[in-house]
Amino acid sequence: MKYKFGYIGLIGRANAGKSTLINAIISQKVAITSPKPQTTRNNILGILTTPSCQLAFIDTPGIHTTKNALDKYMMKNVRSALGGADVIVYLKDCAKSLEQDEIKYIKKLIEDEQKVIVALTKIDLTQKSRVFEMLAVLSEINGICDIVPISSVNMINIDELLTAILNLLPSSDVKNFQFNEDEYTDKSIKFLVSEIIRESALYIYKEEVPHGIAIDITKFDEQKDITFIDVDIICERETHKSIIIGKSGVKIKKLGENARRKIEDLLGCKIMLKLFVKVEADWRNKPNNLNDFGYNSNFD
Ligand SMILES: Nc1nc2c(ncn2[C@@H]2O[C@H](COP(=O)(O)OP(=O)(O)O)[C@@H](O)[C@H]2O)c(=O)[nH]1
Ligand SMILES: [Mg+2]
């Protein structure tokens, strides 16, 4: 048998559908998703293993301009994902027009000798004519290895995308997998749990409040039938703290219920989730805090 292994970098604008695609491919929730930009903060690996191939997908925070230290950390993640990738999939939401700077970006990747596939996402939401228009624009760019229209929600053309990726990877006579065959992410259960709480917060709170939240798990105690999890929700201001808690605690109760259900699905057991809200002024700009909350701040 011949074997294939590769790192696949997923990039594109915020909201293009990168995290949703990775979850669809891995059939496990490794990356949280939401309609809001900047949902993903860290690079997350989602690993797909079949008898003959192993593909490690790198989900990135997406390309955007940097404002604070957390933003810089996120952009550094995008750059490092590109450096280590064997194939890059550039995701583009079909409903949004392809902008000049995106075309430039794709051309730059090709110049840098990256193997680039463009995935046109969310085709379940767009008219066919729109998809064809986009295909026509993209086919003008020389050097794109493949263009695949997909829907991660309806699982359309996901296999075709995987085939396009595999076509670009060399085959090997020896099994060159780099991860255990039952591993589906490089992240710990604790990381996934804190991400799920952040995802629930992104759905429940409005505007800038959820973007200023960090999650710190202070207790993770697995007993026979139940896991006890204590969590500090770190926010930037007293006013945010009262919004997060809500009148008579209704909002935080909603957050706890929403997150608990998803964490129980992930862990496959009952959990007791306790949430505490703390204020840490301007944590997104403080290297010590960034480190404490899982965002390593050693960037240039
Ligand atoms: N209808 C539809 N919605 C999608 C699809 N892929 C992603 N979305 C939605 O688009 C939004 C952004 O997706 P997400 O994966 O978080 O984007 P990311 O920022 O690129 O990681 C979410 O609300 C997803 O549910 C798709 O194939 N079809
Ligand atoms: Mg994402």
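Residues numbered from 1 in each chain as written. Chains lettered and ligands numbered in written order. Predicted model: local features only at pLDDT ≥ 70, side-chain atom pairs only at ≥ 80, totals over all residues. Heavy atoms only, no water.

1. Some points on the overall build of the protein
So, step 1. Looking only at helices and strands, the protein has nine helices and nine strands in total.
So, step 2. Taking 2.2 N^0.38 as the reference for a compact globule, 300 residues should give roughly 19 Å; the C-alpha atoms of the protein span a radius of gyration of 20 Å, in line with that estimate.
So, step 3. The proportion of buried residues among the 300 residues of the protein is 51%.
So, step 4. Intrachain contacts of the protein at a sequence separation of at least 6 include 70% that bridge at least 24 residues.
So, step 5. Summed over its atoms, the accessible surface of the protein is roughly 14700 Å², and 49% of this surface lies on carbon and sulfur atoms.
So, step 6. Averaging the positions of the 41 positive and the 40 negative side-chain charges in the protein gives two centres separated by 5 Å. (Helix = DSSP H or I, 4+ residues; strand = E, 2+ residues; numbered from the N terminus. Rg over C-alpha atoms; globule rule 2.2 N^0.38 Å. Buried < 20%, exposed > 50% of the residue type's maximum accessible area, 1.4 Å probe, protein only. Contact = heavy atoms within 4.5 Å. Areas by Shrake-Rupley, 256 points an atom, 1.4 Å probe, with all protein chains shown as cover. Lys, Arg positive; Asp, Glu negative; His and termini not counted. Charge placed at Lys NZ, Arg CZ, Asp CG, Glu CD.)

2. Some words on the environment of D112
So, step 1. Secondary-structure assignment places D112 in the loop between helix 3 (100–111) and strand 5 (116–121).
So, step 2. A distance of 2.9 Å separates a polar atom in the side chain of D112 from a polar atom in the side chain of K108. (Polar contact = N/O pair within 3.5 Å; in protein donor to acceptor, adjacent residues only side chain to side chain.)

3. Quick look at the packing of helix 6 (residues 189–204) against helix 8 (residues 250–267)
Think of two packed helices as two axes; the pair is described by the angle between the axes and how far apart they sit.
So, step 1. Following both chains from N to C, one finds helix 6 and helix 8 inclined at 140°, their axes separated by 9 Å at the closest point. Between helix 6 and helix 8, the interaxial angle falls into the category oblique. The two elements helix 6 and helix 8 meet at a crossing, and its hand is right-handed. Between helix 6 and helix 8, the contacting residues are I189, L192, V193, I196, I197, E199, S200, A201 and I204 on the first element and K251, K254, L255, N258, A259, K262, I263, L266 and L267 on the second.
So, step 2. Here the contact of helix 6 with helix 8 is composed, by residue class, of 12 nonpolar, two polar and four charged. (Axes fitted to C-alpha atoms, helices over the stretch in contact; angles between N-to-C directions. Parallel < 35°, antiparallel > 145°, perpendicular 65-115°, else oblique. Left-handed = near helix turned anticlockwise from the far one by under 90°. Nonpolar A, V, L, I, M, F, W, Y, C, P; charged D, E, K, R; others polar.)

4. Description of the site of ligand 1
So, step 1. Around ligand 1 there are 17 residues in total, and N15, K18, T20, D124 and S152 lie nearest to it.
So, step 2. Backbone polar atom of S152 to an oxygen atom of ligand 1: 2.9 Å apart, as the coordinates give it.
So, step 3. In isolation ligand 1 offers 580 Å² of accessible surface; the protein chains occlude 87% of this area.
So, step 4. By residue class, the composition of the shell around ligand 1 is five nonpolar, eight polar and four charged. (Near = heavy atom within 4 Å.)

5. Some words on the domain arrangement of the protein
So, step 1. Along its sequence, the protein is carved into domain 1 (4–167) and domain 2 (189–292).
So, step 2. The distance between the C-alpha centroids of domain 1 and domain 2 comes to 28 Å.
So, step 3. In this complex, domain 1 contributes 17 residues to the contact, which on the side of domain 2 involves 19 residues.
So, step 4. The junction of domain 1 with domain 2 conceals about 1500 Å² of combined surface from both sides, 55% of it contributed by carbon and sulfur atoms.
So, step 5. Looking at the side of domain 1 facing domain 2, the largest losses of area belong to I32, K36 and R41, adding up to 38% of the total buried there.
So, step 6. At the junction of domain 1 and domain 2, the tally comes to zero salt bridges.
So, step 7. Remark: the boundary between domain 1 and domain 2 carries five residue pairs in polar contact (both at pLDDT 80 or more).
So, step 8. Residue composition of the side of domain 1 that touches domain 2, by class: seven nonpolar, seven polar and three charged. (Domains from an automatic or database assignment. Buried area = accessible area lost by both parts, 1.4 Å probe. Salt bridge = Lys/Arg side-chain N within 4 Å of Asp/Glu carboxyl O.)

6. Remarks on the pairing of strand 1 (residues 4–11)
So, step 1. Here strand 1 lies mainly inside the structure; seven of its eight residues are buried.
So, step 2. As judged from the four bridges shared by strand 1 and strand 4 (residues 87–93), these two strands associate in the parallel manner. Directly across from I8, in strand 4, lies its bridge partner V87. (Pairing = 2+ DSSP bridges.)

7. Section: the side chain of Q54
So, step 1. Its location among the elements puts Q54 in strand 3 (residues 53–59).
So, step 2. Non-local contacts of Q54, meaning those with residues more than four positions away in its chain, are made with K4, F5, G6, I47, L48, T49, F177, Q178, F179 and N180.

8. Overview of the packing of aromatic side chains
So, step 1. Applying the stated criterion across every chain, the model contains seven aromatic pairs.
So, step 2. For the ring pair F5 and Y7, a centre distance of 5.3 Å and an interplane angle of 90° mean the geometry is edge-to-face.
So, step 3. Judged by its relative accessible area of 21%, Y7 is partly exposed.
So, step 4. With centroids separated by 6.3 Å and ring planes inclined at 35°, the aromatic side chains of F5 and F179 adopt a geometry described as tilted. On the criterion of sequence distance, the pair formed by F5 in strand 1 and F179 in the loop between helix 5 (158–167) and helix 6 is long-range, its members being 174 residues apart.
So, step 5. With a relative accessible area of 9%, F5 lands in the buried category.
So, step 6. Each residue in the set F5, Y7 and F179 is aromatic and connected to the rest through ring pairs, giving one cluster.
So, step 7. Directly above the aromatic system of F191 lies the positively charged group of K187, at a separation of 5.3 Å from the ring centroid. (Phe/Tyr/Trp six-rings, centres within 6.5 Å; stacked < 30°, edge-to-face > 60°. Lys NZ or Arg CZ within 6 Å of the ring centre and 35° of its normal.)

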